[in-house]
Amino acid sequence: MDRFRLFALSVLLLIPTTLRAATFPCKPCAGVRLDVAAPASQESPAATAPENTATPTTTTTSGTATTPSEIAALLPKVSRLEPGSPLYVAWDVPLDGTASPSAEELQTLRQAGATPWLSLVFRTPSPLAQNSARLQGELRAAAEIAGRAPKGTWFQVVWRPEGAETAEPAATEYAFLLKRAAVTLTGAHDDAQVATQPLAPDVTALEALYNEEIAAYLEALVLRPGPAEALEAALDAVEQRLDPGRAVVLDALPFPTPPADVLAEAARSATRGFDMTLFRSPALPPDAARPLALLALELAGDLSWDPESSPQGAPESWAFVRGKDLALRLIVRAPEGANALDLHFNDPGLRRPARFPFEPGRVVPPSGQVTATGLDLHIEGPGRVTVLGLERATAEEREGISQKVTVAEQREMPVEEILRRLQAFEDAQDRKLDHYSATNTTHLRFQPAAGSQTFEATLQGPFFFSDTGTDWAWETLFVNGVKWRGKKLPEIPLIQPEKAAAVPLQIHFTKQYRYRLRGTERIGDRDAWVVDFAPAGPGETGKLYQGTVWVDRQLYARLRTRAVQTGLEGEVISNEETMEYSPVDAQGRPVPWSADSYVMPLRLVAQQILSVVNATTVVERETLLSDVRINAPDFEERRAEVAQSDVTMVRDTDRGLRYLVKDDSGERVVKEGFDQNKLFLAGGVFYDDALDFPLPLGGVNYFSFDFKGTGNQLNAFFAGALLTVNAAQPRLFGSRFDFGGDLFAIAFPFTDTVFSQDRELKDQAVKNRPASLGLKLGRPLGNFTRLSLEYDVLAQNYSDTEDTADDFVLPSDNLTSSVELGMSYSRAGYGLSARGSYSRRSQWDFWGLPDNPDWTPDKKDFLRWQARASKNWYLPRFQKVGAEIDYAGGSDLDRFSKYQFGFFGGTRVHGYQTNRVRAEEAWAAHMTYGFEIGELLRLDAVADAAWATDEATGLDNELLGGVGVAGTFIGPWQTVVNLDVGAPVAGPDSGFVLYIVFLKLFH
């Protein structure tokens, strides 16, 4: 054989190594299938089945082995095999506890030189979805068997549903069972190798099965015997299209007579494309065990079929070449009655022929002669089948080929295998984790789409997780870090998105998600696979997720999951959750990452974007678990104790969070829905220098998420001098559009003053009493962006003051119509917004002093635009740092359409009074730092700066500065009191602005 052929052959040998992970360490491989299992019980799997029940044994005659235990006793008598050699012994194992193999029996079989092939028989009836409890019982039994199986054991997933034992299983259901079983087995046994049940060699049926994405969940596809044409078509479909490189097993051929023919039949199956062949036999006599042992002993390793090495002179022969040294192993079936064989090999590099005996008695070794054309070999008394070995003499070529093998064996792990290992890790953890308790701390932070001002509510209490339900108990409430002192917590509306139709990274009956391996990344001190997931296709219905999971590259545990829910409707227009995982022990103490630790989701950071009465509200939710106790013996006792108390409790149900309330008997029951309507008593005072006197606030605030069962949202605040009403429909005609309107009116006018060169022009002061009505339409774009369209009508009513000059012409009372287009983006504490509007007044005659340069007919209509960016950082102990940058500008603006910096202005500077300073263009920056004092008082220090430009009043990038303090505390009768006081520190203003308001929840 020349060097080119050696190189070509070495490449050919490497192909199986790179495409498949050397699933079967031999060529050909074979085993025996025994009929030893008792019939599967018709009862449900027994959860308390004995762990070490031995397989039934049968009395043997003449050394014949009929059980795995007897085969273990027989093999050392016929051969000297290494433990776990590739001689496969298969038998059915029912999962009802009637014939479960013990760890000792399996280990004894392995030590004798065989590899157990356990055909796990599932009996759960179809449909599986309606018999999940039965299936879970059988999966638990399979996990127990796998947990005590030795290394290298094969597990075959066989489904014989009660009432349909002979029917061909539906592809969807069997695929679901196969994946669930594979995950369970892999989680219970690190080295588990999973095979399908014997499937019909039908290409259409195989295509249907592979369409369920089973490839990553098995190490071998198993076919049952059939017509040669059907087997060939099935093998070709698997290798070329369905699952290239997948090991294929033939299960099971009748054990041939004479037994020596098992060598030839195994070789024939290998050359047809089967990686292993099982032969069915009710018993295994020594003369049948010997040829199987020879295959496992002499044809083990990285061998491949090499038809070009078959010799002349043998009607039937199969040559297999070994990758590491290109040595040959040859199986020859002699003609009937042949006394000798003369073989000729066309390769002069072959040396040292050997004959491997497998029958009692001495065999005559072969004699050979190297010629110019190859090697001639003479074999006396070949018998029915002869097994030969030949070596090659070229050490240099062996070394070069060995180096090529080393390089080619490297391969990248596919995403499907990563998912299977992740699912297996989690399945194994779920089986050892019965329940756990913890202290749950949930921070709910509310803020506008862009802006640094927030409101925070923190709930804290015991948390209980088990198969019977997940419960929260809320014992403590903090409002902006101030502890609620009431005996009973107010019922907080449980605004939440609808439950997802299916969660990612789990096994489903239908294809819900697609996955993509993006690469690797480092999370903390752990290396991680980065896997993206998304709904399977645009036609996928229901609420699903898209996002990323970071999987530990060593343990295959989750490190982090980030997901965005799709298909949302109603008031929740976006929902993103990020889960952080940490390893702990049973007492909740941090421990190193290992398979023995519990990997728990101890931190959840979520962001929801809500459409509340047409305003975009961002809710950031941070949930922390502490004081974790896993499988504590007093778990149920502690949960019952909390349930018997008067604390507020909620439960995670299939429909989302629901309150757990006590019925007439004192038992906790799930309460559907929550109180959609809230009525507050409101009171307070507002003052700045633009008012003639402090403005008292006293009235009520009514809010409804579902006004009179219509699905509409309503908020009405009436405080005598002030009225605001907002109404919205978050699902306009069942779409993702929201539509609504708002009304604003105030009984007392504000004084509108003018400053020029830091001097107040009192002779130009006017009073203005505004009122407005608006219509709003909004729709989310993607997951974090919302687009809005608004139409407003603003009524302006002007009057003079005591200081207004006699020749000052008042502006025309008018209706100003505005159309505004806005967009906002919110994610991870960052907020961005931009909006632009066009406005036109119904009437706009000359106003001001004679020759007023600020009035022109062109300013009857005008344009305004604004942009805002903000970020909030939350620190321990209710501390918060906020930063915000604003820009405002416009075209054709005048005194009454320019930007203002007062309390109700869009570019507020603390301390600046309403209508005192205005600008055509402004940049602004805001910083806040908040903290709590002794759980009694919340304070936020505020610093504002704006750089204003206004040609008419002489402002040229003028610095306007203000500082303030905002605070929260709980007043008498459980009233929530908010205050805001500010004073200017730079620019043309003085004095202060004060706002105090209290809220008392009545209903």
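Criteria and cut-off values
- Residues numbered from 1 in each chain as written.
- Predicted model: local features only at pLDDT ≥ 70, side-chain atom pairs only at ≥ 80, totals over all residues.
- Heavy atoms only, no water.
- Helix = DSSP H or I, 4+ residues; strand = E, 2+ residues; numbered from the N terminus.
- Expected span 1.5 Å × (residues − 1).
- Buried < 20%, exposed > 50% of the residue type's maximum accessible area, 1.4 Å probe, protein only.
- Contact = heavy atoms within 4.5 Å.
- Core = buried A, V, L, I, M, F, W, Y, C linked by side-chain atoms within 4.5 Å.
- Axes fitted to C-alpha atoms, helices over the stretch in contact; angles between N-to-C directions.
- Parallel < 35°, antiparallel > 145°, perpendicular 65-115°, else oblique.
- Left-handed = near helix turned anticlockwise from the far one by under 90°.
- Nonpolar A, V, L, I, M, F, W, Y, C, P; charged D, E, K, R; others polar.
- Pairing = 2+ DSSP bridges.
- Salt bridge = Lys/Arg side-chain N within 4 Å of Asp/Glu carboxyl O.
- Patch = residues over 30% accessible without salt bridge, like charges linked within 9 Å, V, L, I, M, F, W, Y side chains within 5 Å.
- Areas by Shrake-Rupley, 256 points an atom, 1.4 Å probe, with all protein chains shown as cover.
- pLDDT = per-residue confidence, 0-100.

A.B. asks: Please clarify how helix α9 (residues 286-298) should be interpreted in this entry.
C.D. replies: Since there are 3.6 residues in each turn of an α-helix, residues three or four apart along the chain are aligned in direction. The end-to-end C-alpha separation of α9 is 18 Å, in line with the 18 Å expected for 13 residues at 1.5 Å each. By the criterion of burial, α9 is predominantly enclosed, with ten of the 13 residues buried. If you check which residues of α9 are buried, you get Pro286, Ala288, Ala289, Pro291, Leu292, Ala293, Leu294, Leu295, Ala296 and Glu298. Where the residues of α9 are buried, they touch β1 (30-33), α2 (68-78), β2 (87-94), α8 (261-272), β11 (328-333) and β16 (385-392).

A.B. asks: Just to check I follow, could you spell out the nonpolar core for this structure?
C.D. replies: Most often, soluble globular proteins keep nonpolar side chains buried together rather than apart. Ranked by size, the top nonpolar core spans 92 residues in total, and within it Leu120 and Phe122 carry the most contacts. Residues Ala457, Phe463, Trp472 and Ile495 belong to the second largest nonpolar core, which totals 36 residues.

A.B. asks: Please explain the packing of helix α5 (residues 171-188) against helix α11 (residues 415-432) as it appears in this structure.
C.D. replies: Angle between the axes and distance between the axes: these two values describe a pair of packed helices. Interaxial distance between α5 and α11 falls to 7 Å at its minimum, and their mutual angle equals 70°. With respect to their mutual orientation, α5 and α11 come out roughly perpendicular. For the pair α5 and α11, the crossing hand works out as right-handed. On the side of α5, the interface is formed by Arg180, Ala182, Val183, Thr184, Thr186 and Gly187, while α11 contributes Arg420, Gln423, Ala424, Asp427, Ala428 and Arg431. Here the contact of α5 with α11 is composed, by residue class, of four nonpolar, four polar and four charged.

A.B. asks: Explain the sheet that holds strand β15 (residues 374-380) to me, please; I cannot follow it from the model alone.
C.D. replies: Sheet strands pair via backbone hydrogen bonds, and the direction of the pair is either parallel or antiparallel. Taken together, the three strands give an open sheet; going across it, the order is β12-β15-β14, and neighbouring strands pair in antiparallel fashion. If you trace the sheet from one side to the other, it starts and ends with β12 (340-345) and β14 (367-371), each paired once. Between one strand and the next, the sheet's axes are offset by a mean angle of 15°, whatever the strand orientation. Pairing between β14 and β15: five bridges, direction antiparallel. Looking at the pairing, Gln369 lines up with Asp376 of β15.

A.B. asks: What's the story with the pattern of salt bridges in this structure? I'm lost.
C.D. replies: When charged atoms on two side chains of opposite charge get close, those side chains can pair. The final tally for this structure, using the stated rule, is 57 salt bridges. For Asp35, the salt bridge identified is with Arg280, shortest N-O distance 2.7 Å. Here Asp35, found in the loop between β1 and α2, pairs with Arg280, found in strand β8 (residues 276-280); they are 245 residues apart in sequence, far enough to count as distant. On the basis of relative accessible area, Arg280 is assigned to the partly exposed category, the value being 37%. Here Glu417 and Arg421 are joined by a salt bridge, their closest N and O atoms 3.2 Å apart. Pair noted here: Glu417 and Arg421 are both in helix α11, with a separation of four residues, about one helical turn. For Glu417, a relative accessible area of 17% gives the class buried.

A.B. asks: Looking at this structure, how should I read the sheet that holds β11?
C.D. replies: Spatially, β9-β10-β11-β16-β13 is the arrangement adopted by the five strands of the open sheet, whose pairing is antiparallel. Each of the sheet's edge strands pairs with one partner strand only, and the pair in question is β9 (303-305) and β13 (350-355). Taking each pair of neighbouring strands and ignoring which way they run, the sheet shows an average axis angle of 25°. Relative to β11, strand β10 (residues 316-322) runs antiparallel, the two sharing six bridges. Note on β11: the bridge partner recorded for Phe320 is Arg329.

A.B. asks: Would you explain a nonpolar patch on the surface in this entry?
C.D. replies: On the surface, a cluster of nonpolar side chains totalling about 520 Å² of accessible area is made up of Phe739, Leu775, Leu789, Tyr791, Val819 and Leu821. Among the elements of the structure, β41 (785-800) and β42 (814-827) are those that each provide at least two residues to the nonpolar patch. Tracing the chain through its elements places Val819 in strand β42.

A.B. asks: Looking at this structure, I do not really get unusual backbone geometry. What am I missing?
C.D. replies: What is expected of a backbone is that most residues other than glycine have negative phi and most peptide bonds are trans. For the peptide bond that leads from Lys27 to Pro28, omega is 0°, which places it in the cis range. Relative to the assigned elements, Pro28 resides in the loop between α1 (3-19) and β1. At the junction of Thr257 and Pro258, the peptide bond is cis and its omega measures out at 0° in the coordinates. Unusually for a residue other than glycine, Asp892 sits at a positive phi of about 60°. With respect to the helices, strands and loops of the structure, Asp892 is situated in the loop between β45 (879-891) and β46 (899-900). Located in the positive-phi region is Glu935, a residue other than glycine, with phi close to 60°. Position of Glu935 among the secondary structure elements: in the loop between β48 (921-933) and β49 (937-950). Overall, the relative accessible area of 31% leaves Glu935 in the partly exposed class.

A.B. asks: Whenever I open this one, the pairing of strand β40 (residues 766-781) confuses me. Can you help?
C.D. replies: For a regular strand, side-chain orientation follows a simple rule: the groups alternate between the two sheet faces. With eight bridges connecting them, strand β36 (residues 738-746) and β40 associate as antiparallel partners. Among the inter-strand pairings, Phe739 is bridged to a residue of β40, identified as Leu777. With three bridges joining them, strand β37 (residues 750-752) and β40 adopt antiparallel strand pairing. Within β40, the position partnered with Thr751 by the bridge is Lys767. Bridge count between β40 and β41: 16 bridges; the pairing is antiparallel. Paired with Ser772 across the bridge in β41 is Leu794. Taking the residues between adjacent antiparallel strands as the criterion, β40 and β41 are bridged by three residues, where Gly782 takes a positive phi near 70°.

A.B. asks: Would you mind going over the packing of α2 against α9 with me for this structure?
C.D. replies: Here α2 crosses α9 at 70°, and the two axes come no closer than 10 Å. Overall, the two elements α2 and α9 adopt an arrangement that is roughly perpendicular. In this structure, α2 contributes Leu74, Leu75 and Val78 to the contact, and α9 contributes Pro286, Ala289 and Arg290. Looking at the contact of α2 with α9, its residues break down into five nonpolar, no polar and one charged.

A.B. asks: What am I meant to see in the confidence of the model for the protein here?
C.D. replies: Taken residue by residue, the protein gives an average pLDDT of 86. The fraction at 70 or more is 91%. This model gives residues 38-61 a pLDDT under 50, and the stretch forms 53 contacts once residues within four places in sequence are excluded.

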